[in-house]
Amino acid sequence: MPFKPVILWTDALIFLLVAAIAALAWTVRRDEHLRAPWAKVARSRSGMCALVVLTAFVVTGLLDSLHYRPRLEGTGGAVNYGAEVRSAFDALADGLRTRTERTYSAPLATHAFSRESIERAHGTQAREYPRLRHGGAHLEDPHGERWPDVGRKTLAGAGLALALWTVLAMLLAALLAMRHREGIDGALSDLVHGCTEVPWRAMLLTAGALLAVAGPVWVLAGSYHVLGTDKVGQDILYQTLKSIRTGLVIGTLTTLVMLPFAVILGLMAGYFRGWIDDLVQYVYTTLSSIPGVLLIASAVLLTQVWMDNRPELFETVSERADVRLLFLCLILGITGWTGLCRLLRGEALKLREADYVQAARAFGVRDARILTRHLLPNVMHIVLIAAVMDFSGLVLAEAVLSYIGVGVDPSMISFGTMINNARLELAREPMVWWSLAAAFLFMFVLVLAANLFSDAVRDAFDPRMRSSWALPAALRPAQRLRAGSA
Amino acid sequence: MLAYIVRRILYAVPILVGVNLITFALFFFVNTPDDIARMQLGQRRVTPEAIEKWKAERGYDRPMLFNPEARGVQKLTDTLFFRKSVSLFWFDFGRAEDGRSISHEIRLRMGPSLAIALPMFLVGLGCYVTFALGLAFFRGTSLDFTGVVLCVAAMSISGLFYIIGGQYLVSKLWNLVPISGYGDGVQAWRFVILPALIGVVGGIGASTRLYRTIFLEEMSKDYVRTARAKGLSERRVLFGHVLRNGMIPILTGVVVAIPALFIGSLVLESFFGIPGLGSYTIDAINAQDFAIVRAMVFLGAVLYIVGLLLTDISYTLADPRIRME
């Protein structure tokens, strides 16, 4: 095999999560009553547009989660694999990864950002801006040719995007035509006039906007550094795209860790009352009274020391960074389950008095069965809302934690480490703004999409509490974290 | 009332004990003092003697929970748990890695932290309530819609962006206030104003949106309809009824944060070089000075519990229907 697949811990959990979501989608599809709120989400215009954007991020993140170690060339009979763990995304964006410069260069630049001493042919020295190794290296006369070339490439990219988008729109129209058993003309006109139940037109326009940005960037990235390079000459575009996975992992796996604690303890406390209730309440009050950032910081620092003292456990740098990411998710999850647990306990207290639960008890149904069959399905909407709403807060929290120095491993590319590395660049003269701007922009788009989508989900699942009253802000772990730190 | 307060205070005791146990487990069992010593001394100079010396200098050379060699009650008191963890109850925080007294540092640094956090809290509350009330007044119009959209957008921007961008714009580009640092007395305002302002701006999205919902919920209640029905102007309804009743959940909600103002905010202080407790904690985290971090964890928990206590009291004051059981 030309490569050896590597399944890191977080990869395994991510794919577990994907499988769980797929299974959930399958159950929901078959059940009219479960489908109704999702159909409402599907009718929300802002929610579905946000979903298109989120899908783009998730696909990038998933591609970046298929890891392998490439086989090394020319080692005779023995088969050796490189120590560097790469991902399918790295393979796709190989150019971005390998075309590094020596140091800073501005977006779309052909020359380095600062002067260097250059030895001239006849022995004299001069200080000038050297040509970049890769950025615009194909140009004969960079000063005259650069902008026309960038314009041409942008147009080519836009054309590519338009072609792709047309194909996408046609496919969608054909699909709609098939489903509604009408002609493709009718489906197209519905689409154009926006009179479909699911806001396909808005979604298509969002996809078009995404493609209109991605197409030119894709073409330009072949011969330029579209977002410039950082201090060690690595492409910023590559880094921001790699950061997406880290953000997604933190936002989703933390919830995965927190759910068992919150659901099991919360339901048990509310259902059984008595000493179990007292104990669970005591545990979550104690945990939540420690300021979130400080608890996370100390837990991360201590796991760091633990890992530093045991270097033999990790084969590669990536594995080490990955385990640290996993620990961070664990810590965020263990410190963050209290808010949801409190909510679920309250809900279980209410539900245990409901007629159907009383009836089940009168019939002699075992407690475990009542909990799983009657209580759990009826609190799932709260769990779902909490999971979706926490996502954006966690992505933002990662940046703050990495900035403080208790986030992900410094060798792991994330929005936080990018911002942390670039924090002093604004003070340079002239200023280096692109790496900060890129990190903030991508993070903003991701978090905004997540926020809009979570609003749509909340409105659909919790009609009682329309717009932002679902979870008291003070109880939400991510909010608490943000309030305490920023 | 007094009996109620006393009872609430007594409830807080087991929680503090729990916090103490958690911090002890976290700081002494996950990594033993030997591990910490190895880390602090660096990889090269680690010899068993050096570790023992490091531990002896800092009082870590005792057994964890029970000292069989000591006599009488000292079997329990001459232990790490008693010396390092139980002592937190009487705010004996011990010494930092550089030998300075942590309690002294905390007293010294509370002022600057409060100088940032208090204006931030008050101005912020005023701004958010004003904006939220404005949006509630114009509910259903395009102004309201734009406001909510802006709130969601503001919520989606990282707090770090406000800090980095604000410092760059105001201090570097416009040169209005010093970039970072702190001065005593009257001069302090020049250093305080920008971080406090940035803190206010950073929270604008989430809080305005939350308060707007509170006001809207209040506006859908019967007494508001009655007020309108008897012919009060919309302005009177808004300020006389909705604002006053809406402030109850808002104020009782923010009371919990008041004691925590002493701790300040971690990132803001470290970014603007304010010598407060937030930057103290960050420096300790970066230097891996666990004595300070432990002290701050405990102090933070104490202040939060005090905040909860104040919340309970303010509830009973604001709403007589809540019984003091």
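Residues numbered from 1 in each chain as written. Chains lettered and ligands numbered in written order. Predicted model: local features only at pLDDT ≥ 70, side-chain atom pairs only at ≥ 80, totals over all residues. Heavy atoms only, no water.

**Q** Explain the interface of chain A and chain B to me, using residue names and the numbers behind them.
**A** Opposite the 53 residues of chain A that make contact, chain B presents 50 residues. Interface area, chain A with chain B, both sides summed: about 4,500 Å², of which 71% is carbon and sulfur. Where chain A meets chain B, there are 1 salt bridge. Of the charged contacts in the structure, one is a salt bridge between aspartate 455 of chain A and arginine 209 of chain B, with a shortest N-O distance of 2.7 Å. On the surface where chain A and chain B come into contact, there are 4 residue pairs in polar contact (both at pLDDT 80 or more). Breaking the side of chain A that touches chain B down by element, the ones donating at least two residues are helix H10 (274-289), helix H11 (292-308), helix H15 (367-404), helix H17 (434-461) and helix H18 (477-485) of chain A. The element contributing the most residues to the side of chain A that touches chain B is H11 of chain A, with 11 residues. (Contact = heavy atoms within 4.5 Å. Buried area = accessible area lost by both parts, 1.4 Å probe. Salt bridge = Lys/Arg side-chain N within 4 Å of Asp/Glu carboxyl O. Polar contact = N/O pair within 3.5 Å; in protein donor to acceptor, adjacent residues only side chain to side chain. Helix = DSSP H or I, 4+ residues; strand = E, 2+ residues; numbered from the N terminus.)

**Q** I'd love a proper account of the packing of helix H8 (residues 159-173) of chain B against helix H9 (residues 188-202) of chain B, names of residues and values included.
**A** Residues and elements named next belong to chain B. H9 packs onto H8 with a crossing angle of 135° between their chain directions and a minimal axis gap of 10 Å. The orientation of H8 with respect to H9, classified from their angle, is oblique. When the axes of H8 and H9 are compared, the crossing they make is right-handed. Residue-level inspection shows Tyr162, Ile163, Gly166, Gln167, Val170 and Ser171 of H8 in contact with H9, the latter providing Leu194, Ile198, Val201 and Gly202. Of the residues belonging to the contact of H8 with H9, the class tally is 6 nonpolar, 4 polar and no charged. (Axes fitted to C-alpha atoms, helices over the stretch in contact; angles between N-to-C directions. Parallel < 35°, antiparallel > 145°, perpendicular 65-115°, else oblique. Left-handed = near helix turned anticlockwise from the far one by under 90°. Nonpolar A, V, L, I, M, F, W, Y, C, P; charged D, E, K, R; others polar.)

**Q** Mind laying out the sheet that holds strand E3 (residues 86-87) of chain A, listing which residues take part and the relevant values?
**A** Residue and element names in this part refer to chain A. The 3 strands are arranged E1-E2-E3 in an open sheet whose pairing can be described as antiparallel. Looking at the sheet topology across the chains shown, the edges are occupied by strand E1 (3-6) and E3. Both strand E2 (residues 67-70) and E3 contribute to a ladder of 2 bridges, which runs antiparallel. Following the sheet pairing, histidine 67 is matched in E3 by serine 87. (Pairing = 2+ DSSP bridges.)

**Q** For the environment of threonine 79 of chain B, give the residues involved together with the corresponding values.
**A** All names here are of chain B. Its location among the elements puts threonine 79 in the loop between helix H4 (74-77) and helix H5 (80-85). As for threonine 79 and aspartate 61, which are separated by 18 residues in sequence, their C-alpha atoms are 8.8 Å apart. Every residue in contact with threonine 79, bar those within four places of it in the chain, is listed here: Arg62, Pro63, Met64, Leu65, Phe66 and Asn67.

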